[in-house]
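Below, each chain spelled out in residue letters.
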Amino acid sequence: MSASVQSVAQPTEEDTSPALTDGFHLVIDALKLNDIKTIYGVPGIPITDLGRMAQAEGMRVISFRHEQHAGNAAAIAGFLTKKPGVCLTVSAPGFLNGLTALANATTNCFPMILISGSSEREIVDLQQGDYEEMDQLAIAKPLCKAAYRILHAEDIGIGVARAIRAACSGRPGGVYLDLPAKLFSQTMDAVAGEASLHKVIDPAPAQLPAPASIDRALEVLKGAERPLIIFGKGAAYAQADEDIRALVEKSGIPYLPMSMAKGLLPDTHPQSAGAARSLALKESDVVVMIGARLNWLLSHGKGKTWGTAPKKFIQIDIEPTEMDSNVEIAAPVVGDIGSCVAALLEGMGDNWAKPPSDWTNAIRTKVETNVARMAPKLQNNNVPMDYHGALGVLKTIMAEKTDTILVNEGANTLDFARSIIDIHKPRKRLDVGTWGVMGIGMGFAVAAAIETGCPVLAVEGDSAFGFSGMEIETICRYNLPVCVVVFNNNGIYRGTDTNPAGDDVAPTVFVKDSRYDMMMQAFGGVGVNATSPDELRRAVTEALASGKPTLVNAVIDPQAGTESGRIGNLNPQSVVKK
Ligand code: OXT
Ligand code: ADP
Ligand code: MG
């Protein structure tokens, strides 16, 4: 603290006036006091000096080329660490650029804080046309969990504390913190300033489930003939990895991971039902949802995905209103996953009966059949590559380097990679999440590398990559161990669409045979053009071994994909014939 006090006003021998601090330093001190060590952002008026001073005070300040990616970085930092990731933006346009990430964080239950500088309240409220005028607080409110504005330096401590608690406690989410330009230069007595700061005590308190809810859940589970556990990214976030594994193994119940829950137990675990998804959903009679919502990704818990067998749901979630959101929940268990899973384990005792073997064998057989059916496709050496040939290579590499974090977006590139690439450890797969949003790629990759120190493999459709591609300069600038593989099939879904009516190319088609690898070379990184599985293997192996920022342009057959990957069914179809 003393360093920041001195930098504002240093009393000399003759000068007996009290030492001062200011808004800039109070914000930085409040973040540091709460163990927030990194700020992701884009500098500019009025927060340029905030970034500079934060860096001078020992914080890591990671500067991006666009706020959306800084915001995505902060969001995934929150997911990986259970502490709010912080994104810092300028007013109006910078704020709006960061807002997509804030909304996405909230939708995905990632704790993050978007801190934006803002213009003069008096002018904004009278709409007198200030520099970057915008009523940011009002705009942010519906898109995040909580939104606060701090007007006085003495409220900075409480404002930052409030933002941290709102982001982390209960269901995590995005918080907006509005800091008007005038706040930063407000001064106050340094001792009083220090006293005004708060270290948030227990920002996400354990929420113990009611004992009766545990008894009810175990009662429902005991009656199950064909039980299934579904893990969502909430279970990955909870970091209750050992108890989760114990629950699966003690219960003997097959489990299905949602995409970002892959790796909670290795995808190769004998109880994994990942490769028997349809069968497991259709035929199960009791489903235990742990940190997953019955949203579109699970067909809302009904319809043909779930078959006709009657089903009972047990749901563990920290958010009470999640219960019965789509279908009746027979046994709601409200609490944090760590506490709930521990209580279930205790309640199960030592003699818990495993599920009937005809059920577990049926799942196992289906898994083995699907895996065996896919295996030869993954060995193919086709040129140009198809998704299976290219992803087969990456699957092997990920199995050898299990600490690598996989970032994944696209349509076909996403859907094939999700089922082909096994994940072996918790929180090693980061993807488009609840919204299926393109553009998370480079922001997630940067923060994953910075927060964990692990190597990152970003597997990107060529369209998906384009949303955040400029951030490869950021990756090179900070010399991060990130290897980006662009699955270049010349377009969105496929590169073969034609325009029947004119000269412009079809809306889904890009410049053919682009060389994304050359973009990386422009920033001093390693760029490789890979036209065969062998070349791809060599390039990625070398990148992960060297830790050098690398981009591999993987040339994929433009005909290999399908419209919208695995979710083509969501595309509305025209019934009008012209
Ligand atoms: O059991 P069955 O028999 O059914 O088989 C299943 C599993 O059991 C089996 N399986 C396995 N078999 C063998 N071995 C193993 N290991 C194994 N594991 C599983 O495989 C099948 C399938 O399993 P899966 O995948 O688990 O099951 P399923 O049925 O697919 O699951 C359903 C879902 C819904 C859970 C799943 O499909 C899912 O998670 N989907 C997410 C889809 C998603 O979010 N997509 C992204 C959005 S698409 C679209 O919107 C795009 N846009 C528009 C756009 C977006 N999104 N955002 C913004 C800001 N602007 C615009 C754009 C622009 S995508 C896109 C770009 C696309 O182009 P690119 O160039 O980037 O990408 P390419 O397509 O590659 O060109
Ligand atoms: P997925 O997309 O993987 O299915 P979702 O994002 O739909 O996962 O669901 C995650 C759920 O996990 C949310 O309903 C959220 O409230 C819940 N959740 C997040 N963290 C915790 C926690 N620590 N304890 C209990 N539930 C949690
Ligand atoms: Mg593509």
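Here is a short report on the structure shown in this document. (Residues numbered from 1 in each chain as written. Chains lettered and ligands numbered in written order. Predicted model: local features only at pLDDT ≥ 70, side-chain atom pairs only at ≥ 80, totals over all residues. Heavy atoms only, no water.)

Focus: a nonpolar patch on the surface
For clarity, the cut-off: Residues forming no salt bridge and having over 30% relative accessible area are the ones grouped into patches, like charges within 9 Å of each other and nonpolar side chains (Val, Leu, Ile, Met, Phe, Trp, Tyr) within 5 Å. Values of accessible area rely on a 1.4 Å probe in the Shrake-Rupley scheme; residue burial ignores everything except the protein chains shown. By convention in these notes, a salt bridge is any Lys or Arg side-chain nitrogen within 4 Å of a carboxyl oxygen on Asp or Glu. Note on conventions: DSSP H or I runs of at least 4 residues are helices, E runs of at least 2 residues are strands, and numbering of each starts at the N terminus.
A contiguous nonpolar surface patch, about 330 Å² in accessible area, is contributed by W296, L297, I567 and L570. Tracing the chain through its elements places L297 in the loop between β11 (286-290) and β12 (312-317).

Some details on helix α11 (residues 211-222)
Spelled out, the test is: Expected span of a helix, by definition, is 1.5 Å for each gap between consecutive residues, and there is one gap fewer than residues. Three exposure classes are used, based on accessible area relative to the maximum for each residue type with a 1.4 Å probe and protein chains only: buried under 20%, partly exposed in between, and exposed over 50%. Think of the arc as the fan of directions from the helix axis to the C-beta atoms. Throughout, a contact is declared for two residues whenever any of their heavy atoms are within 4.5 Å.
The end-to-end C-alpha separation of α11 is 17 Å, in line with the 16 Å expected for 12 residues at 1.5 Å each. Within α11 the residues assigned to the buried category are S213, I214, A217, L218, V220 and L221. Considered in projection along α11, the buried side chains sweep an arc of 160° and stay on one side of the axis. Residues P211, D215, E219 and K222 are exposed on α11 and point more than 90 degrees away from its buried face. The inward-facing, buried residues of α11 contact β9 (227-231), β11, β12, β13 (331-334) and α15 (337-348).

Re the sheet that holds β12
Cut-off, in case you're wondering: One requirement defines pairing of two strands: DSSP has to find at least two bridges between them. Angles here are taken between N-to-C directions and fall from 0 to 180 degrees, while the axes themselves are lines fitted to C-alpha atoms, restricted in helices to the stretch in contact.
Strand order in the open sheet formed by 5 strands is β10-β9-β11-β12-β13, and the pairing between neighbours is parallel. With one partner strand each, in any of the chains shown, β10 (255-257) and β13 form the two edges of the open sheet. The average angle at which neighbouring strand axes cross in this sheet is 15°, direction not considered. Here β12 runs beside β13; their pairing, made up of 4 bridges, is parallel. Bridge assignment links I316 to a residue of β13, and that residue is V333.

Thoughts on the site of ligand 2
Note the threshold: Throughout, the term near means that a residue has one or more heavy atoms lying within 4 Å of the molecule or strand in question. Counted as a polar contact is a pair of N or O atoms within 3.5 Å, where, for protein atoms, one must be capable of donating a hydrogen and the other of accepting one, and residues adjacent in sequence contribute only when both atoms are in side chains.
Around ligand 2, the surrounding shell holds 20 residues, and the nearest of these are R171, K233, R293, D317 and I337. At 2.8 Å from an oxygen atom of ligand 2 is found a side-chain nitrogen or oxygen belonging to R171. Here G291 contributes a backbone N or O atom positioned 3.4 Å from an oxygen atom of ligand 2. When the free accessible area of ligand 2 is taken as 580 Å², the share hidden by the protein chains comes to 97%.

Some points on the site of ligand 1
Selection rule: Following the grouping adopted for this structure description, the nonpolar residues are Ala, Val, Leu, Ile, Met, Phe, Trp, Tyr, Cys and Pro, the charged ones are Asp, Glu, Lys and Arg, and the polar ones are all others, Gly among them.
Contacts to ligand 1 come from 34 residues, most closely from S278, Y387, T413, R418 and D462. Within the contact set of ligand 1, an oxygen atom lies 3.4 Å away from a backbone nitrogen or oxygen of G274. Within the side chain of S278, a nitrogen or oxygen atom sits 2.3 Å from an oxygen atom of ligand 1. Sorting the residues of the shell around ligand 1 by element identifies α14 (277-283), α16 (357-378), α18 (412-420) and α20 (462-468) as the ones contributing at least two each. Examining the composition of the shell around ligand 1, we find that 6 residues originate from one element, α18, more than from any other. Here the residues of the shell around ligand 1 sort into 17 nonpolar, 12 polar and 5 charged.

So yeah, pure geometry; function would need other evidence.
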